[in-house]
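The primary structure of each chain is shown beneath.
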Amino acid sequence: MADMTKHTLVDCFSLRARIGWQGLRSDEFITEGPYLVTGVDFHNGRVDWDDCYHVTEERYAQDKGIQLHEHDLLITKDGTIGKTAVVIDCPEEATLNSGVFVVRAINNEVVPEFLHYVLHSHWFDLFVRTVLTGSTIKHLNQEKFYKFSFEAPDVPTQKKIVEVLESIDDVIDKTRELIEKYTSLMEGVVQDILTDSIEDENTVKMGTIANVLGGKRIPKGSELTIAKTAHPYIRVRDMTKPKVVELTEDFMYVEESDFHKISKYIVDAGDLIISIVGTVGAVALVGETLDKASLTENCSKIVNIKGYSPEFLYYFLKSEYGQKEIASGTVGEVQAKLPLKNILEIKVPVLSEPEQEAIVEKLRIVDEKIDREVQYYNKMESIKAGLMHDLLSGLVDATMI
């Protein structure tokens, strides 16, 4: 177990941000000149310089305190609070937009990169929730942030912890890049395959090949339960990522006493489902573990499909073409909604079943690669989370790793 010393942020770091009187406006953003960094430019703990806007030399020179340097630590203080980035490969001239603190060490007691990981810990999450309690405007002010306290080992051990966690981050980043590469490849394959088949004269409306049926809200006055019953309830959040949605520990259930009131609104394994309210256009296939599960009213199922495989329709609806068709049928200014009748109007390319199967086979191979990388990514994130807890709390001595 490592020896730990308690620190308060104000004793180790200074905070600077663009102050209100400087009045930087979005119409001042330009395409060349000194870089302007805001929280949306933070990607995977680093500043993505390619995403940044630019400002004039006068704006850059206005405040030396927020001119950025290599290894500065940045943290968002408005809106999405606590998003951090370490400044790496800093351009010769770069400055901050509003909404971001630059955090700089004022002594040699705590390494900024170590603080970066502390600010991703549950201790800082708890601190932020505490200081924001009762606030209607989410803002981390300087006075409160300075009071954040944390424990740290000696500097050599801090550097070792950073080295260990950065090595895991490198693996996670490379895995994320592979996932993005395979996802882009899949989108390209779909685009190439379907381009010649999306002409109006070579399409058929969804309503001529399938039926579309809605889900059902649980009875008024009732609530879903975490207690496992025989009736899992598929929500939109359960189907936004996987191709095949299966039962997990995150599912909610319908009480037995309520199920008979909505028992007609269930799905079968293999059904194709699509979200139709709020988050519109999420698509998934129902897995074996959810056979006869209840379906939320925010989703519809596409069933009784003739001449097409549900798996092909899944890939089509996930494609750029399919999403455009979905978007064209989406209505509502306050809350997006895809009416059932508009799903029936979606144009599907006319392809023979052998042609569909050939397309599905190619996409399935890429999908399996994505799935493997996602599983590995989740595993590494879990390992990192466990190590962060043990290393940052001193339960494990980093010098022994």
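Every value quoted in this text rests on a predicted model; they were computed, and no experiment measured them.

Participant: What exactly am I supposed to notice about the overall build of the protein chain here?
Facilitator: Counting its secondary structure elements, the protein chain contains 11 helices and 21 strands. Every one of the 401 residues in the protein chain was classed for burial, and the buried ones make up 47%. The long-range share in the protein chain, meaning contacts at least 24 apart out of those at least 6 apart in sequence, stands at 76%. Surface summary for the protein chain: the accessible area is close to 21100 Å², and the carbon and sulfur share equals 51%. Placing the 44 positive and 66 negative side-chain charges of the protein chain at their respective mean positions leaves the two points 6 Å apart.

Participant: How do you make sense of helix α9 (residues 320-328) when you look at a structure like this?
Facilitator: Within α9 the residues assigned to the buried category are Tyr-321, Gly-322 and Ile-326. Down the axis, α9 shows its buried residues gathered within 140° of arc, on one side only. Pointing more than 90 degrees away from the buried face of α9 are the exposed residues Lys-324 and Ser-328.

Participant: Teacher, can you tell me more about the packing of aromatic side chains here?
Facilitator: With the rule as written, the count across this model stands at 10 aromatic pairs. Ring centres of Tyr-35 and Trp-49 lie 5.7 Å apart, and the angle between their planes is 80°; on these two criteria the pair is classed as edge-to-face. With a gap of 14 residues between them, Tyr-35 in strand β3 (residues 30-37) and Trp-49 in the loop between β5 (46-47) and β6 (53-54) connect regions that are remote in the sequence. Consider the rings of Tyr-308 and Phe-312, whose centres lie 6.1 Å apart with planes at 35°: the pair is tilted. For the pair formed by Tyr-308 and Phe-312, the shared burial category is buried. Each member of the aromatic cluster is reached from another via a ring pair, and the members are Phe-101, Phe-124, Phe-127, Phe-145, Phe-148 and Phe-150. Its guanidinium or amino end placed over the ring of Phe-101, Lys-77 lies 5.5 Å from that ring's centre, counting from NZ or CZ.

Participant: Sorry, what's going on with the environment of Ala-85 here?
Facilitator: Note on placement: Ala-85 falls in strand β8 (residues 84-86). With 14 residues separating them along the chain, Ala-85 and His-71 place their C-alpha atoms 9.4 Å apart. Residues within four places of Ala-85 in sequence aside, it is in contact with Phe-42, Gly-45, Arg-46, Val-47, Asp-72, Leu-73 and Leu-74.

Participant: Honestly, the packing of helix α8 (residues 310-318) against α9 in this entry has me stumped. Any pointers?
Facilitator: Think of two packed helices as two axes; the pair is described by the angle between the axes and how far apart they sit. Close contact between α8 and α9 brings their axes to 4 Å; oriented N to C, the two are set at 75°. The orientation of α8 with respect to α9, classified from their angle, is roughly perpendicular. Counted together, Phe-316, Leu-317 and Lys-318 of α8 and Glu-320, Tyr-321, Gly-322, Gln-323 and Ile-326 of α9 form the full contact between these two elements. Along the lines of polarity and charge, the residues of the contact of α8 with α9 split into four nonpolar, two polar and two charged.

Participant: Looking at this structure, how should I read the pattern of salt bridges?
Facilitator: Any two side chains of opposite charge can pair, on the condition that their charged atoms come close. With the rule as written, the count across this model stands at 22 salt bridges. The residue Arg-104 makes a salt bridge to Asp-72 at a minimum N-O spacing of 2.9 Å. Of the two residues, Arg-104 sits in strand β10 (residues 100-105) while Asp-72 sits in the loop between α2 (57-61) and β7 (73-76), which places them 32 residues apart along the sequence. Summarising the burial analysis for this pair, Arg-104 and Asp-72 share the class buried. For Arg-217, the salt bridge identified is with Glu-297, shortest N-O distance 3.5 Å. Note that Arg-217 is positioned in the loop between β13 (211-214) and β14 (232-234) and Glu-297 in the loop between β19 (294-295) and β20 (299-303), a separation of 80 residues in sequence.

Participant: Is there a simple way to think about the sheet that holds β6 in this case?
Facilitator: Sheets are built from strands paired through backbone hydrogen bonds, the pairs being either parallel or antiparallel. Here three strands make up an open sheet; going across it, the order is β6-β3-β9 and the pairing mixed. Each having just a single partner strand, β6 and β9 (94-96) make up the two edges of the open sheet. Bridge analysis of β3 against β9 gives three bridges, and the strand direction is parallel. Counted as the bridge partner of Tyr-35 is Ala-94 from β9.

Participant: What is the right way to read the side chain of Thr-95 from this model?
Facilitator: Mapping Thr-95 onto the fold places it in strand β9. Within the local environment of Thr-95, its side chain forms a polar contact with the backbone oxygen of Ile-66, the two atoms lying 3.4 Å apart. Excluding anything up to four places from it in sequence, Thr-95 contacts Arg-18, Tyr-35, Leu-36, Val-37, Val-55, Tyr-60, Ile-66, Gln-67 and Leu-68.

Participant: Before we go on, may I ask you to explain the sheet that holds strand β18 (residues 283-286) in this structure?
Facilitator: Across the sheet, which stays open at both edges, the five strands sit in the order β13-β20-β17-β18-β15 with mixed pairing between neighbours. With one partner strand each, in any of the chains shown, β13 and β15 (244-245) form the two edges of the open sheet. Two strands pair when backbone bridges link them, and β13 and β20 are joined in this way by four bridges, in the antiparallel orientation. Paired with Asn-211 across the strands is Val-303, a residue of β20. Contacts between α8 and the sheet are confined to β17 (272-275), β18 and β20, with β18 contributing the most and set at about 165° to the helix.

Participant: I would appreciate a short explanation of α8 in the present structure.
Facilitator: The α-helix winds at 3.6 residues per turn, so residues separated by three or four positions along the chain end up facing the same way. Of all nine residues in α8, seven are buried; the element is thus mostly enclosed. Listing the buried residues of α8 in full gives Glu-311, Phe-312, Leu-313, Tyr-314, Tyr-315, Phe-316 and Leu-317.

Participant: I'm lost on the pairing of β3 in this one. Help?
Facilitator: With three bridges joining them, β3 and β6 adopt antiparallel strand pairing. Looking across to β6, one finds that Ile-30 is bridged to His-54.

Participant: Honestly, the state of the cysteines in this entry has me stumped. Any pointers?
Facilitator: Working definition of a disulfide: a covalent bond connecting the sulfur atoms of two cysteines. Within the structure shown, the criterion is met by zero disulfides. Cys-90 takes part in no disulfide bond, and the closest cysteine sulfur to it belongs to Cys-52, at a distance of 9.8 Å.

Participant: Help me understand the layout of surface pockets in this model?
Facilitator: Regions of empty space are outlined by a rolling probe, equal in size to a water molecule, passed over the atoms. Approximately 1100 Å³ is the volume found for the largest pocket. Taken together, 34 residues line the largest pocket, and the ones lying closest to its centre are Lys-241, Pro-242, Lys-243, Tyr-314 and Ile-370. Elements that contribute at least two residues to the lining of the largest pocket include exactly α6 (155-194), β15, α8 and α11 (353-392). Ranked by the residues each element gives to the lining of the largest pocket, the list is headed by α11, at nine residues. Along the lines of polarity and charge, the residues of the lining of the largest pocket split into 13 nonpolar, seven polar and 14 charged. Here the second largest pocket defines a volume of roughly 360 Å³.

Conventions and cut-offs
- Residues numbered from 1 in each chain as written.
- Predicted model: local features only at pLDDT ≥ 70, side-chain atom pairs only at ≥ 80, totals over all residues.
- Heavy atoms only, no water.
- Helix = DSSP H or I, 4+ residues; strand = E, 2+ residues; numbered from the N terminus.
- Buried < 20%, exposed > 50% of the residue type's maximum accessible area, 1.4 Å probe, protein only.
- Contact = heavy atoms within 4.5 Å.
- Areas by Shrake-Rupley, 256 points an atom, 1.4 Å probe, with all protein chains shown as cover.
- Lys, Arg positive; Asp, Glu negative; His and termini not counted.
- Charge placed at Lys NZ, Arg CZ, Asp CG, Glu CD.
- Arc of directions from axis to C-beta.
- Phe/Tyr/Trp six-rings, centres within 6.5 Å; stacked < 30°, edge-to-face > 60°.
- Lys NZ or Arg CZ within 6 Å of the ring centre and 35° of its normal.
- Axes fitted to C-alpha atoms, helices over the stretch in contact; angles between N-to-C directions.
- Parallel < 35°, antiparallel > 145°, perpendicular 65-115°, else oblique.
- Nonpolar A, V, L, I, M, F, W, Y, C, P; charged D, E, K, R; others polar.
- Salt bridge = Lys/Arg side-chain N within 4 Å of Asp/Glu carboxyl O.
- Pairing = 2+ DSSP bridges.
- Polar contact = N/O pair within 3.5 Å; in protein donor to acceptor, adjacent residues only side chain to side chain.
- Disulfide = S-S within 2.5 Å.
- 1 Å grid on protein atoms, 1.4 Å probe; cavity = no way out; pocket = protein on both sides within 12 Å on 5 of 7 lines; lining within 4 Å.
- Points joined across faces, edges and corners; volume = space filled by probe spheres on them.

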